[in-house]
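Chain residues, written in single-letter form:
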Amino acid sequence: MNFNPLIEISNLDFSYGVKTTLENINFEIAVGKNLGIVGESGSGKSTLLKLILGILSPTSGSIRFNGSPLDLPNKDFERQFRQNVQVVFQDPYSSLDPRQRIDHLVSEPLRSLGLDRADGRDSKKARFLWREERAVEALESVGLSPDHLERYPREFSGGQRQRIAIARAIVSKPALLLADEPVSALDVTTRVLIIELLTELQETLGLTIAMVSHDLSLVATLASQTIVLEQGKIVESGATKEVLGNPAHPYTRKLLAALPRLHS
Ligand code: ADP
Ligand code: MG
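Residue indices begin from 1 for each chain and proceed along its sequence in written order. The naming scheme follows written order: chains are lettered A onward, ligands numbered 1 onward. Restriction of local features to residues with pLDDT of at least 70 applies here, the model being predicted, together with a cutoff of 80 or more for giving and counting side-chain atom pairs; totals for whole chains, interfaces and linings are based on all residues. Where side-chain values are given, they derive from all heavy atoms of the structure, hydrogens and water being excluded.

A few points about the overall build of the protein chain
Put simply, the rule is: Segments assigned H or I by DSSP are reported as helices when at least four residues long, segments assigned E as strands when at least two residues long, and all are numbered from the N terminus. Working rule for contacts: check all heavy atoms of both residues, and any pair within 4.5 Å makes them a contact. Using a 1.4 Å probe, the Shrake-Rupley method yields the accessible areas, and only the shown protein chains count as cover for residues.
Looking only at helices and strands, the protein chain has 9 helices and 10 strands in total. Considered along the principal axes of its C-alpha atoms, the protein chain spans approximately 60 × 45 × 35 Å. Here the analysis covers contacts within the protein chain between residues at least 6 apart in sequence; of these, 68% occur between residues at least 24 apart. As displayed, the protein chain offers around 13000 Å² of accessible surface, 47% of which is attributable to carbon and sulfur atoms.

So this is what it looks like as structure tokens:
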């Protein structure tokens, strides 16, 4: 399928109550152009991702996936969207159900989207084998051994759990991966490894990644495009090199100043 742009957001406003949380948001996510969404805590980054995921609905304005509005009441469209837009959250400890084995956790999207119910896989056994095969493939893509399939989340470190969460997010072969502070809960060394993994997956799987982060150095590594959110408004956007290398807005300069590593 040829999606370009994957996501198109036009004149979006959103509020949880009386106070406006996001105001006049306009941007798109194009195939192959990783996007970084940066801003201070409370600026509306997670809310924006939830809107793109369809967990929340805009108060006004629109979000389109592959040219169609997200609220389109059409089961095929919904399935296509959910197969193609997957998410990884910050905390790999709470995002993986501790009672489930890794094979079950990683292959879950295949079951819930009914992707395993194709022609030729009419028996339970055939569907199970196919899901296991896809789970192995996904685990290998994130650098984990298939030996882990029968284990439980508690047996893994934070970095490994985040790899498992990423495996689950790519098992349906999505076009877009949304990541909300995917490495904030991890130690510094592990952060770098996970960002390297995401960069590698972008190349090997043709994945586009939109990552929310307050760590500008990680965004600079991963994303070719960056938008800067201040109190629910986009104050700056464009090529990451420009936005972070030559910031036009005082708020972006303030974010950069809080991060001495980038200047060294
Ligand atoms: P960020 O991810 O950038 O830290 P959020 O999107 O979580 O920001 O929050 C943006 C604003 O919306 C904050 O002021 C926050 O308090 C508010 N907010 C977030 N979630 C809710 C909610 N479920 N109900 C009401 N207000 C919320
Ligand atoms: Mg957040």
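What follows continues from the structure just given.
Quick look at the site of ligand 1
The test is simple: Residue proximity to a molecule or strand is established when one non-hydrogen atom of the residue lies within 4 Å of it. In the analysis that follows, any N or O atom pair within 3.5 Å is treated as a polar contact, provided that within protein one partner can donate a hydrogen and the other can accept it, and provided that, for residues neighboring in sequence, both atoms belong to side chains. Here the nonpolar group is Ala, Val, Leu, Ile, Met, Phe, Trp, Tyr, Cys and Pro; Asp, Glu, Lys and Arg are the charged ones; every other residue, Gly included, is treated as polar.
Taken together, the neighbourhood of ligand 1 is formed by Tyr16, Thr21, Glu40, Ser41, Gly42, Ser43, Gly44, Lys45, Ser46 and Thr47. Contact between ligand 1 and threonine 47: an oxygen atom at 2.5 Å from a side-chain N or O atom of the residue. Within the complex, 55% of the 560 Å² of free accessible area of ligand 1 lies under protein. It is helix H1 (residues 45-53) that provides the largest number of residues to the shell around ligand 1, a total of 3 residues. Residue composition of the shell around ligand 1, grouped by class: 1 nonpolar, 7 polar and 2 charged.

Topic: the sheet that holds strand E9 (residues 225-230)
Spelled out, the test is: Here, a strand pair is defined by DSSP locating no fewer than two bridges between the strands. Axes here mean lines fitted to C-alpha atoms, for a helix over just the part in contact, with angles spanning 0 to 180 degrees between N-to-C directions.
Reading across from one edge, E6-E7-E8-E3-E9-E10 is the order of the 6 strands in this open sheet, with mixed pairing throughout. Bordering the open sheet on either side are strand E6 (85-88) and strand E10 (233-239), each of which pairs with just one other strand. Averaged over all neighbouring strand pairs, the angle between strand axes comes to 15 degrees, with direction disregarded. Of the strand pairs in this sheet, E6 and strand E7 (residues 176-180) are connected by 4 bridges, and their pairing is parallel.

Description of the environment of glycine 120
Rules: Partly exposed residues are those whose accessible area sits between 20% and 50% of the maximum for their type, while under 20% is buried and over 50% is exposed, using a 1.4 Å probe and protein chains only.
The residue glycine 120 is located in the loop between helix H3 (102-112) and helix H4 (124-141) in this model. The class for glycine 120 is exposed, based on a relative accessible area of 64%.

Re the side chain of arginine 163
Within the fold, arginine 163 resides in helix H5 (residues 158-170). Those residues within four positions of arginine 163 in sequence are excluded, and the remaining contacts are Val142, Leu144, Leu193, Ile194 and Leu197.

Structural notes on the nonpolar core
To keep things clear, this is the line we draw: In this description, a nonpolar core means a group of buried Ala, Val, Leu, Ile, Met, Phe, Trp, Tyr and Cys residues linked to one another through side-chain atoms lying within 4.5 Å.
Formed by 46 residues in total, the largest nonpolar core has its most connected members in Val106, Val142, Ile166 and Met211. In contact with valine 142, other than residues within four places in its own chain, are Arg163, Ile166, Ala167, Ile170, Leu197 and Leu201. With 29 residues, the next largest nonpolar core counts Leu12, Ile25, Phe65 and Leu229 among its residues.

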